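Inside the fold
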Amino acid sequence: MTADQLDRVTSTLISDITAHTPGYRHQYLDRVHEVMGAYSRAGLAAPGTMRRLLEELTAEAVETGYDRMSV
């Protein structure tokens, strides 16, 4: 993918994720990983917004896992 294509995909993905309620957004984690990998394969640095989003979604996924644990 070109840098412009990656920017468009990133923008769309961020819009899709921010439209969802926290607690369900972690379902996009695989897609975020795919886009981050595309940046890497293109020899480009992923934008800071994507790196921060990856951290947020990872934290949400961990938290959701703990919420579903039986006590």
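Only a predicted model underlies this, so the values are computations on that prediction, with no experimental measurement involved.

1. Quick look at the side chain of E60
Inspection of the secondary structure assignment puts E60 in helix 3 (residues 48-67). The exposure class of E60 is buried, given its relative accessible area of 13%. A polar side-chain atom of E60 sits 2.7 Å from a polar atom in the side chain of R25. Excluding residues that lie within four positions of it along the chain, E60 makes contacts with P22, G23, R25 and H26.

2. Let's talk about the confidence of the model for the protein chain
Reading predicted coordinates in detail is not appropriate for stretches of low pLDDT. Scored by pLDDT, the protein chain has a mean of 89; 90% of the residues are at 70 or more. When pLDDT is averaged over each element of the protein chain, helix 2 (residues 29-41) comes out on top at 95 and helix 3 at the bottom at 87.

What counts and what doesn't
Residues numbered from 1 in each chain as written. Predicted model: local features only at pLDDT ≥ 70, side-chain atom pairs only at ≥ 80, totals over all residues. Heavy atoms only, no water. Helix = DSSP H or I, 4+ residues; strand = E, 2+ residues; numbered from the N terminus. Buried < 20%, exposed > 50% of the residue type's maximum accessible area, 1.4 Å probe, protein only. Polar contact = N/O pair within 3.5 Å; in protein donor to acceptor, adjacent residues only side chain to side chain. Contact = heavy atoms within 4.5 Å. pLDDT = per-residue confidence, 0-100.

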